[in-house]
Amino acid sequence: MNSMPARILACVSALLLVTAPRCFAPPPLVTGDVPTADKQTFEWYAGVRYQESESGVPARLLPFTELVYGLTDRMELTFETAGLSKDHEYGLSDSVVGTKYVFLKETERRPGIAGSFELKLPTGDESRGLGSDEFDYDLRLRAQKTWGWFTAIGNAGYTFVTDPEYGGVTTSAENVWLLTLGQEYQVAKKTKLLSELYFVSREEPGEANRLAANIGFKHKLRDNFTVHAAIGRSVREENRGGPDLRVYVGVKWEFGAPWRKREE
């Protein structure tokens, strides 16, 4: 069962190397973890994301939602979309579909290693500034290791950005590098504190690269229901590269697929 997903992911990766990030990751942080959703289990994220650019122009994702499905004990599928409010325009933003595969599960002696692929879909209205009307492809390598109450998570990613077209005119865009280092601190049985530092290279020629940080928390209200939040900003002088402010508040609900019991 596991060999087929591995072959599928290998084929996808090979295609991308001859042909991903704009910070595609489960909330509340930019850093993506290694473990997948449990087999035949859904994880549903819902919340509100608010971000101000370096220029101070706000862009709110309201609401934000992501659905994750555990296809096997090593592979998951994801779909993400949101409503976007920007410059007095409101509508559906660009959506994202993707997959993640765990190459090595974490043990006491070694970290967990996973790879992910995500495809941004042009579902937002480009004419109103709510989308790019182009496809972007994101590849990310993830590593994670826990020592007692402390967990370290690292990501290295690359996004192939299609040159966007505005008003019939094609503008140039640069492919984007992502490097992140995230931390989780188990401060209570059901509560974790979060922190991260991340770098995102510029997408538009002449713009500044981004170096920013976030802090947050996760708290389990029930075994299958978690509330989480994060807040952060640029750590560069005068907030160069942005964001001036990034805030996410939301919940995560885990539930079994309706067909799981029938198959068991």
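Residues numbered from 1 in each chain as written. Predicted model: local features only at pLDDT ≥ 70, side-chain atom pairs only at ≥ 80, totals over all residues. Heavy atoms only, no water.

Another point: the pairing of strand β6 (residues 112-121). For β6, a buried count of eight out of ten residues is recorded, marking the element as mostly surrounded by other parts of the structure. Bridging between strand β5 (residues 95-104) and β6 involves nine bridges; their strand directions are antiparallel. Among the inter-strand pairings, Val96 is bridged to a residue of β6, identified as Lys120. Pairing analysis gives nine bridges linking β6 to strand β7 (residues 136-147), with the strands arranged antiparallel. Counted as the bridge partner of Ala114 is Arg142 from β7. (Buried < 20%, exposed > 50% of the residue type's maximum accessible area, 1.4 Å probe, protein only. Helix = DSSP H or I, 4+ residues; strand = E, 2+ residues; numbered from the N terminus. Pairing = 2+ DSSP bridges.)

The subject of this paragraph is a nonpolar patch on the surface. On the surface, Trp44, Leu67 and Trp253 cluster together to form a nonpolar patch covering roughly 280 Å² of accessible area. For Leu67, the position within the fold is in strand β2 (residues 58-70). The exposure class assigned to Leu67 is partly exposed, which follows from its relative accessible area of 35%. (Patch = residues over 30% accessible without salt bridge, like charges linked within 9 Å, V, L, I, M, F, W, Y side chains within 5 Å. Areas by Shrake-Rupley, 256 points an atom, 1.4 Å probe, with all protein chains shown as cover. Salt bridge = Lys/Arg side-chain N within 4 Å of Asp/Glu carboxyl O.)

Further remarks concern the nonpolar core. Across soluble globular proteins, nonpolar side chains show a tendency to be buried alongside one another. If you look at the biggest cluster of nonpolar residues, it comprises eight residues: Val30, Val161, Ala173, Val176, Leu178, Tyr198, Val200 and Ala212. Counting residues per element, the ones that place at least two in this core are β11 (176-188) and β12 (191-200). One finds Leu61, Phe64, Leu84 and Leu130 within the second-largest nonpolar core, a separate group that totals six residues. (Core = buried A, V, L, I, M, F, W, Y, C linked by side-chain atoms within 4.5 Å.)

Under the defined criterion, the tally for this structure stands at 14 aromatic pairs. Ring geometry for Phe64 versus Tyr248: centroids 5.8 Å apart, planes at 90°, classification edge-to-face. One end of the pair, Phe64, is in strand β2; the other, Tyr248, is in strand β15 (residues 245-256), with 184 residues separating them in the sequence. Tyr248 carries the same exposure label as Phe64, and that label is buried. Across the ring face of Phe64, the terminal group of Arg49 is positioned such that the distance to the ring centre comes to 4.6 Å. (Phe/Tyr/Trp six-rings, centres within 6.5 Å; stacked < 30°, edge-to-face > 60°. Lys NZ or Arg CZ within 6 Å of the ring centre and 35° of its normal.)

Here we take up the pairing of strand β13 (residues 210-222). One ladder, built from ten bridges, connects β12 with β13; its direction is antiparallel. Across the sheet, the residue bridging to Phe199 is Leu211, located in β13. In this structure, β13 lies alongside strand β14 (residues 225-234), joined through ten bridges in antiparallel fashion. Each residue of the ladder has a partner; that of Ile215, found in β14, is Ile231.

This part covers unusual backbone geometry. Residue Pro243 follows Gly242 across a cis peptide bond; omega there is -5°. By the element assignment, Pro243 lies in the loop between β14 and β15. The phi dihedral of Glu238 is positive, around 55°, even though this residue is not glycine. Among the secondary structure elements, Glu238 is positioned in the loop between β14 and β15. Classification of Glu238 by relative accessible area gives exposed; the value is 70%. One non-glycine residue, Asn239, lies in positive phi territory at about 55°. Assignment of secondary structure puts Asn239 in the loop between β14 and β15. Using a relative accessible area of 12% as the deciding quantity, one classes Asn239 as buried.

Counted by the stated rule, this structure contains ten salt bridges. Note that Asp73 and Lys105 form a salt bridge whose closest N and O atoms lie 3.5 Å from each other. With Asp73 in the loop between β2 and β3 (75-86) and Lys105 in the loop between β5 and β6, the pair connects residues that are 32 residues apart, well separated along the chain. Two residues, Lys120 and Asp94, come together in a salt bridge whose shortest N-O distance is 3.0 Å.

This paragraph deals with the confidence of the model for the protein. In this model, the protein carries an average pLDDT of 86, and 83% of its residues clear a pLDDT of 70 or more. Note that residues 1-21 has pLDDT below 50 and, in this model, 35 contacts with residues that lie over four places away or in other chains. (pLDDT = per-residue confidence, 0-100. Contact = heavy atoms within 4.5 Å.)

Looking at where Thr151 falls in the secondary structure, it is placed in strand β8 (residues 150-161). Given a relative accessible area of 7%, Thr151 falls into the buried group. Side-chain polar atoms of Thr151 contact the side chain of Thr146, separated by 2.8 Å. Apart from the residues within four sequence positions on either side, Thr151 is in contact with Gln144, Lys145, Thr146, Gly182, Gln183 and Glu184. (Polar contact = N/O pair within 3.5 Å; in protein donor to acceptor, adjacent residues only side chain to side chain.)

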